[in-house]
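What follows is each chain in one-letter form.
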Amino acid sequence: MAGRGVTIRDVAAYAGVSLGTASRVLSGHPATSPQARDRVREAVSALGYRPNAQARSLRLTRTQAVGLLLSDVRNPFFADVAHAAEQAALGADYVTLLGNANENVEQQDRYLETFLSQRVDGVVLAPQGRGSGSLDALIESRMPLVFVDRTVEGIDVPSVTTDSRAGLDGAIRHLVAAGHSRIAYIGGPQSISTGRQRYDDFVEALPRYGLVNDASLITFGDFQEESGVRAGNQLLSMSSRPTAIIAADNLMALGALAAVRMHGLRLGADIEVIAFDDIEWLAHFDPPISVIAQDATAVGRCAVELLIGVINGDKPESVVLPTTFIDRSAGVVQ
């Protein structure tokens, strides 16, 4: 293992310390114990670890590169966020190194370690959670960081998120006005802030329209299409099935639409599906799919603007952007 292929994660594992502790020892941070320093130095010697030359520069120069790590590049929402972020970065003379976490903590950690070793000037991150230490190591390195779409409890960094309340309220109001009383919900992972917020906002809106929170009408996926298929099949196999489904992201909505087709149901006549995120292809269904829209372009652009502020020593406030319900059955925005 000795030599160039050895990573800081290998050093931490060999020394029996956390990734953050290994990072602090190697950067000369004083907040480490003598025992930890000895173990890390022994691991460095045994493994032949060679820190990246740019890391040894201790950020005396800028690379004019920023890291952008998103949850799933196959998700059209995040693809739009990435494009907007890249263009905003180029406009400020930065190039973007794009990473795909694939809704996976281990893959997130691997990219964060790479961003650390490459010494990018800052990172825009849609976090999967704290991970196994790489996010903490990134923060302890004092690398400029901005969260996008999601946040992590207990980590205070600037963020760009959206407020789902108005969009979900409009969707439920529309469905109740159309005569729906059995409204199902496919939520995202409750370990992710976006999944929790959208679920909470859905449940909080129900009483305003005379609806009760029926646990049998609520199921959860992982923000990916296959989980939407499973959730849709579960809901549509009920003896008293729902007449409407709200999905907490566009990929799970696509899965739910596939389940509707599998069950031989007609959109608009037998069931209505509403998707979170206004993705272009949803407008081309017959009938078109109503959506809860958020401005992906504004999300990506704003995240980079905040990051550049942090890089330049500013302390920008977090930004919360609105959502809007678009009723395609009537061709109007509510």
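Residues numbered from 1 in each chain as written. Predicted model: local features only at pLDDT ≥ 70, side-chain atom pairs only at ≥ 80, totals over all residues. Heavy atoms only, no water.

Undergrad: Mind showing me how you'd approach the environment of Val105 here?
TA: Note that Val105 resides in helix 6 (residues 105-118). Taking the C-alpha atoms as reference, Val105 lies 9.9 Å from Ser134; in sequence the two are 29 residues apart. (Helix = DSSP H or I, 4+ residues; strand = E, 2+ residues; numbered from the N terminus.)

Undergrad: Mind showing me how you'd approach the environment of Glu204 here?
TA: Here Glu204 shows up in helix 9 (residues 193-205). Each C-alpha atom, one on Glu204 and one on Asp169, is 9.1 Å from the other, the two residues being 35 residues apart in sequence. Here the side chain of Glu204 touches Arg208 through a polar contact of 2.8 Å, side chain to side chain. (Polar contact = N/O pair within 3.5 Å; in protein donor to acceptor, adjacent residues only side chain to side chain.)

Undergrad: Got a minute to help me understand the packing of helix 10 (residues 225-236) against helix 11 (residues 250-262) in this structure?
TA: If you want to describe how two helices pack, look at the angle between their axes and the distance between the axes. At a minimum axis separation of 6 Å, helix 10 and helix 11 run at an interaxial angle of 45 degrees. The orientation of helix 10 relative to helix 11 falls into the category oblique. Crossing angle aside, the handedness with which helix 10 passes helix 11 is right-handed. For the pair helix 10 and helix 11, contact is made by Glu225, Ser227, Gly228, Val229, Gly232, Asn233 and Leu236 and by Leu251, Met252, Leu254, Gly255, Ala256, Ala258, Ala259, Val260 and Met262, respectively. A per-class count over the contact of helix 10 with helix 11 returns 10 nonpolar, five polar and one charged. (Axes fitted to C-alpha atoms, helices over the stretch in contact; angles between N-to-C directions. Parallel < 35°, antiparallel > 145°, perpendicular 65-115°, else oblique. Left-handed = near helix turned anticlockwise from the far one by under 90°. Contact = heavy atoms within 4.5 Å. Nonpolar A, V, L, I, M, F, W, Y, C, P; charged D, E, K, R; others polar.)

Undergrad: Mind showing me how you'd approach the domain arrangement of the chain here?
TA: One widely used convention gives an interface's size as the accessible area the parts lose upon coming together. Taken domain by domain, the chain holds domain 1 (8-51), domain 2 (65-162 + 296-321) and domain 3 (163-294). Taking only C-alpha atoms, the centre of domain 1 and the centre of domain 3 are 48 Å apart. (Domains from an automatic or database assignment.)

Undergrad: Before we go on, may I ask you to explain helix 8 (residues 165-177) in this structure?
TA: Since the α-helix packs 3.6 residues into each turn, any two residues three or four apart lie on the same face. Between its terminal C-alpha atoms helix 8 stretches 18 Å, which fits the 18 Å expected from 13 residues at 1.5 Å a residue. Inspection of helix 8 places Gly167, Leu168, Asp169, Gly170, Ala171, Ile172, His174 and Leu175 among the buried residues, and these make up the whole buried set. The inward-facing, buried residues of helix 8 abut strand 6 (183-187), helix 9, strand 8 (244-247), strand 9 (272-276), strand 10 (290-293) and strand 12 (324-327). Phi turns positive one or two residues past the end of helix 8, at Gly179, with a value near 100 degrees. (Expected span 1.5 Å × (residues − 1). Buried < 20%, exposed > 50% of the residue type's maximum accessible area, 1.4 Å probe, protein only.)

Undergrad: Explain the nonpolar core to me, please; I cannot follow it from the model alone.
TA: Nonpolar side chains in soluble globular proteins tend to end up buried together. Ranked by size, the top nonpolar core spans 72 residues in total, and within it Leu70, Val148, Ile186, Phe202, Ile245, Ile246 and Ile292 carry the most contacts. The element best represented in this core is helix 12 (residues 296-311), accounting for 11 residues. Split by domain, this core shows at least three residues from each of two domains, domain 2 (65-162 + 296-321) and domain 3 (163-294). Sequence-distant contacts of Leu70, defined by excluding residues within four places in its chain, comprise Phe78, Val81, Ala82, Leu98, Gly99, Asn100, Ala101, Asn102, Ala126 and Val148. Val6, Leu112, Leu116 and Val157 belong to the second largest nonpolar core, which has 30 residues in total. (Core = buried A, V, L, I, M, F, W, Y, C linked by side-chain atoms within 4.5 Å.)

Undergrad: Teacher, can you tell me more about the pattern of salt bridges here?
TA: If the charged atoms of two oppositely charged side chains come close together, the side chains can form a pair. In this structure the tally under the stated criterion is 12 salt bridges. A salt bridge links Glu113 to Arg9, with the nearest nitrogen and oxygen atoms 2.5 Å apart. Placement of the pair is Glu113 in helix 6 and Arg9 in helix 1 (residues 8-15), with a sequence separation of 104 residues. For Glu113, a relative accessible area of 14% corresponds to the buried category. Look at the salt bridges and you will find they share partners, linking Asp169, Arg173, Glu204 and Arg208 into a network. (Salt bridge = Lys/Arg side-chain N within 4 Å of Asp/Glu carboxyl O.)

Undergrad: Would you mind showing me how to read helix 11 here?
TA: For helix 11, which comprises 13 residues, the first-to-last C-alpha distance of 18 Å matches the rise-based estimate of 18 Å (1.5 Å per residue) to within 8%. Burial analysis of helix 11 places 10 of its 13 residues in the buried class, which makes it a mostly covered element. Of the surrounding secondary structure, the elements contacted by the buried residues of helix 11 are helix 5 (76-91), strand 6, helix 10, strand 8 and strand 9. Trailing helix 11 by a residue or two, Gly264 shows a phi angle of about 70 degrees, which is positive.

Undergrad: Would you mind showing me how to read the side chain of Ser71 here?
TA: Mapped onto the secondary structure, Ser71 falls in the loop between strand 1 (65-70) and helix 5. You can call Ser71 buried: its relative accessible area is 0%. A distance of 3.2 Å separates polar atoms of two side chains, one belonging to Ser71 and the other to Gln128.

Undergrad: Would you explain the packing of aromatic side chains in this entry?
TA: Two aromatic rings are characterised by how far apart their centres lie and by the angle between their planes. With the rule as written, the count across this model stands at six aromatic pairs. Plain terms: the ring middles of Phe77 and Phe78 are 5.1 Å apart, the flat faces sit at 70 degrees to each other, and that makes the pair edge-to-face. Classification of Phe78 as buried rests on a relative accessible area of 4%. Ring geometry for Tyr185 against Tyr199: centres 6.4 Å apart, planes inclined by 45 degrees, an arrangement best described as tilted. Here Tyr199 lies in helix 9 and Tyr185 lies in strand 6, a separation of 14 residues in the sequence. A residue is classified by how much of its surface remains accessible, and Tyr185, at 1% relative accessible area, is buried. (Phe/Tyr/Trp six-rings, centres within 6.5 Å; stacked < 30°, edge-to-face > 60°.)

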